[in-house]
Structures are given as C-alpha cells and as structure tokens.
Amino acid sequence: MSAGSFLRTAFTTKLYVTVLVAIVLGAALGFVAPGVGAALQPVGTGFIELIQMLIAPVVFCTIVTGIASAGELTSVGRIGVKALVYFEVLTTIALIVGLVVMDLFNPGAGIHADPAALHLSGTAQQYAQTGESQHWYDFLVNIIPDTVVSAFTGGNVLQVLLVSILFAIAVKALGERGAPVIRGIERIGEVVFGIVKLVMYLAPVGAFAAMAYTTGKFGASTLASLGGVVLLFWGTGIVFCLVVFGAVARLCGIRILKLYRYFKDELLITLGTANYEVVMPQLMRKLEHLGCPKRIVGLVVPSGYAFNGDGVCLYLGFASLYIAQAFDVNLTIWQQVGLLAVFMITSKGSAGVAGAGFVILAATLSTTGVVPVAGIMLVLGIDRFLSTMRGLVSLCGQMLGSIVVSRWEGVFDRDRARRVLDGHEPVPATVAVN
C-alpha cells in the first residue's frame, strides 16, 4: 500500500482507528508532559468550534427540506410530541438510575466535608450564579431570538429550531411557488455537509489535543484522589447504555452493539473531545441512511440536543447525592423524589447554556435548599472526566431517538436497518463524512 493510499484510508474508511490512536497518544502525552498537554487546549477547542459553526446551517437545511418532504403539516406536530415523550421517559429513567446507584454504593460517605470551609470561586462561582438566576420557564422565553440572524449566531439550537420550522411551514404554504426555494436549500445543504466532511479530516488532531489537555491539566492527581467516583460514574454510564438503551433498541428490532459499531466514529470523536455536539451533522446523515425518514431526523435530532440530555440527567442524580453524602446530609426517599421532580423541570432549560450540568445542579440545589450549593466544588475537579461519559450517554440516546419515533410512526425501515448494521449496505461517500 502506497503512502498516499494509506493516508487516504486512515482519514476516510478507517477514521475511527486514527481517532482511537490519537486519543491514546494524547492521553500519554498529557500524563508524560502535563504542561505540553495543557498547552494544546486551543487546538482541541478550535476543532470543536469549527464543527459548532456549522450546526445552525445543518439544522436549518435539514429541517426545512425534511418538513417540505412531509405530507400534512399535522404530522410535524405529531412527530414533535412523540419525540418529547421519548425524551421525558428516558431522561427520567436516567435521573432515577443516578440516584439509585448512589444510594447503593454511597461513595461520598466518609468524606465529612464542612460546608463552611468551602467557598465558591472561579468557574464554579459563575456556574452557581447562573444557576441561581435560572427559572423553569427560561427555555420557553429564550427560544425566541432577538432577530432571525441572531438565532444563527447565538449558539442556541432551540432558536434555530424555531426559525427553521416557521420558515419551512411558510415555504410549504406557497405550494409549487416554494419548490425552487426548497431545491436551493437542498443544494446549500449539500455544500454545508461538504464543509463538514472537510472539517472531519481534522478529527484525529482535535481528539489528540483535547485528550492531551484533559490528562495534562486534570490527570494524575485528580484521578488518584477521586478516581473511584469517576470509575463508578463511567461504569454506571456503560451499564445504562447497554441495558436501558439495549432494551429500547430491542423494542425497535435492532441490536444495540451493532448500532454502536455503526456509529463508532461518532463515539470515538465524542470520547476524545468530550463534546457530542460536534458529531451532529454526520449523526443525522447516518440515521437517514439507516432507514429513518429525513423529516423525522430533521426534527428529532436537533430538538434532542436541547431536551434529551440522558447523560446530563444521569450525572445530576449522581452528583447531587454524592455532594449530600459528602456533607453527611441524609436525604429521605421523599426528599430524593423532590430532587427528581425539580431536576425533571430544570434539566429542560439547559440548551445553549455553558456548563449546563453545573448550572442545572446549582439551580436545583439552591431551589431545594437541602444540600449546600458550595458542594459543587467537590466535583469541579473531576468534571472533565465525568463530562466525557455524559456526552457518550447523551449521544447514545440521540442515536435511538429518531429510530424510536420512526418506529412509533410506522415508517422505520427495519429490514434496511438490519442490512446496514450487518454491513451489507455500507455508508456511501455522499452520506459519510469519514
């Protein structure tokens, strides 16, 4: 194999191998030379921002063309309701699992932290202040952008979702006169996905730098002191992805491990960057190739990034009880149910909020008043490691969202999905970004 052929394969059909090697090398660099690893933060952040700048146009083009291809507009509302039901059920299960695991293993016992000795500072203080100013209705108010243009520049996917849906309905109401507009947006969408394909060639570089930064800045000392908590959360996340999502996949007629293998590139990129938003464009394309209608993928995936944070909800149940145990606060079953009820509301207002997990945690703790908000300082040091698993769990939930709704609508092509997952219908170059 020539050098050119080897490089082409490494960054196309075998991208997942290249990303995995980059993650291992980045972790090794961070441990061996922490200063060098930490200095690579701008490289990893730059890759993430390259992808994030494309999310708004991807969502807009996909939703507009998807709704335009739908039959009656009433189907759009029906799909949205079914998606929200799926999101609420799975995120509630994630919250309950997080609470149950902490009650069983009780990892915070024995720390005996003193709330008076902890003071919020730096990033944690900013997150706490943001959380305390949050209200349950904020995401309803913030969904409306200041201008149509600001929806695409503010980083709030809900605002893009609103503008896209309104635009699509207006174009569809034009009938045949709107057809040229739809065709033009389809061509623009192809160009945007072409840009995504170009950016994804940098995925190994981004994963290498992000992992080097994580292990260099937070590595050895953090894992030595709180490694048990990190391992418990990772173990919980893995079991959740295999058991809970596995059961959902079986109900849809597919096997979860084959689904994960199909999305291995996206999983590894999320593992390396601790950010599952960067894989949204290729996730949408591969779901369409799997057998989910474009109109469903276009609605469910973007809204899922706002409402379907399974990983965040798993973390919320986990972190809240860890802090309570560390402060020797014994929460009764009814107090835990109260936390669960508040989390079910506050977790839906996190779209477009930096440090969403911390903000929601701080907002809920300050609302209930049972567990001191200063306790978020206890998990700040390991948050980077926890956020990686949060992203992986949320991504796995995103994979299934469109499949579940498509199955519910009776339009999921299960036979095609099985052929694709068995490798009989590989992802063509026009769909893959790898």
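Computed from a prediction, not measured in an experiment: that's the story for all the values here.

Asker: A description of the environment of Gly77 should follow, citing residues and the corresponding values.
Answerer: Structurally, Gly77 is set in helix H5 (residues 74–105). Relative accessible area serves as the criterion here: at 40%, Gly77 is assigned to the partly exposed category. Taking the C-alpha atoms as reference, Gly77 lies 9.9 Å from Leu299; in sequence the two are 222 residues apart.

Asker: Before we move on, can you summarise the packing of aromatic side chains with the specific residues and values?
Answerer: Applying the stated criterion to the full structure yields seven aromatic pairs. Their ring planes at 85° and their centres at 5.1 Å tell us that Phe240 and Phe245 sit as a pair that is edge-to-face. Pair check on accessibility: Phe240 and Phe245 agree, each one buried. Considering the side-chain rings of Tyr262 and Phe263, the 4.8 Å spacing of their centres and the 75° angle between planes classify their relative orientation as edge-to-face. Of the residues examined, Phe263 reaches a relative accessible area of 0% and is grouped as buried. Three or more aromatic residues joined by ring pairs form one cluster here, namely Phe60, Phe152 and Phe167. Its end group placed over the ring of Tyr262, Lys286 keeps NZ or CZ at 5.0 Å from the ring centre. Across from the ring centre of Tyr315, 4.4 Å away, lies the NZ or CZ of Arg390, which sits over that ring.

Asker: Describe the packing of helix H4 (residues 41–68) against helix H14 (residues 280–290), with residues and values.
Answerer: Direction vectors running N to C along H4 and H14 enclose 25°, while the axes themselves pass 9 Å from each other. Looking at the two axes, H4 sits roughly parallel to H14. Note on element contacts: H14 touches H4 through Met280, Pro281, Met284 and Glu288, opposite Ile55, Val58, Val59 and Thr62. The class makeup of the residues in the contact of H4 with H14 is six nonpolar, one polar and one charged.

Asker: Can you break down the UniProt feature "transmembrane region" (unreviewed entry) in the protein residue by residue, with the values?
Answerer: In the numbering used here, UniProt assigns the "transmembrane region" (unreviewed entry) feature to residues 15–38, 50–71, 83–102, 148–171, 191–214, 226–252, 312–333 and 353–380. This span, residues 83–102, is 100% helix and 0% strand, and a straight line between its end C-alpha atoms measures 29 Å. For residues 191–214, the end-to-end C-alpha separation is 33 Å, with 92% helix and 0% strand making up the annotated structure.

Asker: How would you explain H4 if you had to name every residue and give the values?
Answerer: Between the first and last C-alpha of H4 there are 41 Å, a value that for 28 residues agrees with the 40 Å anticipated at 1.5 Å per step. The largest bend in H4 is about 30°, located at Ile55, with the proline Pro57 one to four residues further on.

Asker: Break down the pattern of salt bridges for me, citing the residues and quoting the values.
Answerer: In the structure shown here, the tally under the stated rule is six salt bridges. Residues Glu409 and Lys82 are paired through a salt bridge, measuring 2.6 Å at the closest nitrogen-oxygen approach. Of this pair, Glu409 sits in helix H20 (residues 383–409) while Lys82 is found in helix H5, placing the two residues 327 residues apart along the sequence. Residue class for Glu409 comes out buried when judged on its relative accessible area of 16%. Here Glu190 ties to Arg187 by a salt bridge, and the two come within 2.9 Å at their closest N and O atoms. Of the two residues, Glu190 and Arg187 both sit in helix H9 (residues 179–200), three residues apart, roughly one turn of that helix. For Arg187, a relative accessible area of 42% translates into the label partly exposed. It is possible to trace a salt-bridge network through shared partners that takes in Arg78, Lys82 and Glu409.

So, how was this worked out
- Residues numbered from 1 in each chain as written.
- Predicted model: local features only at pLDDT ≥ 70, side-chain atom pairs only at ≥ 80, totals over all residues.
- Heavy atoms only, no water.
- Helix = DSSP H or I, 4+ residues; strand = E, 2+ residues; numbered from the N terminus.
- Buried < 20%, exposed > 50% of the residue type's maximum accessible area, 1.4 Å probe, protein only.
- Phe/Tyr/Trp six-rings, centres within 6.5 Å; stacked < 30°, edge-to-face > 60°.
- Lys NZ or Arg CZ within 6 Å of the ring centre and 35° of its normal.
- Axes fitted to C-alpha atoms, helices over the stretch in contact; angles between N-to-C directions.
- Parallel < 35°, antiparallel > 145°, perpendicular 65-115°, else oblique.
- Contact = heavy atoms within 4.5 Å.
- Nonpolar A, V, L, I, M, F, W, Y, C, P; charged D, E, K, R; others polar.
- UniProt positions renumbered as here; feature names shortened; annotations may be inferred.
- Expected span 1.5 Å × (residues − 1).
- Bend = angle between axes of the 7 residues up to and from the residue.
- Salt bridge = Lys/Arg side-chain N within 4 Å of Asp/Glu carboxyl O.

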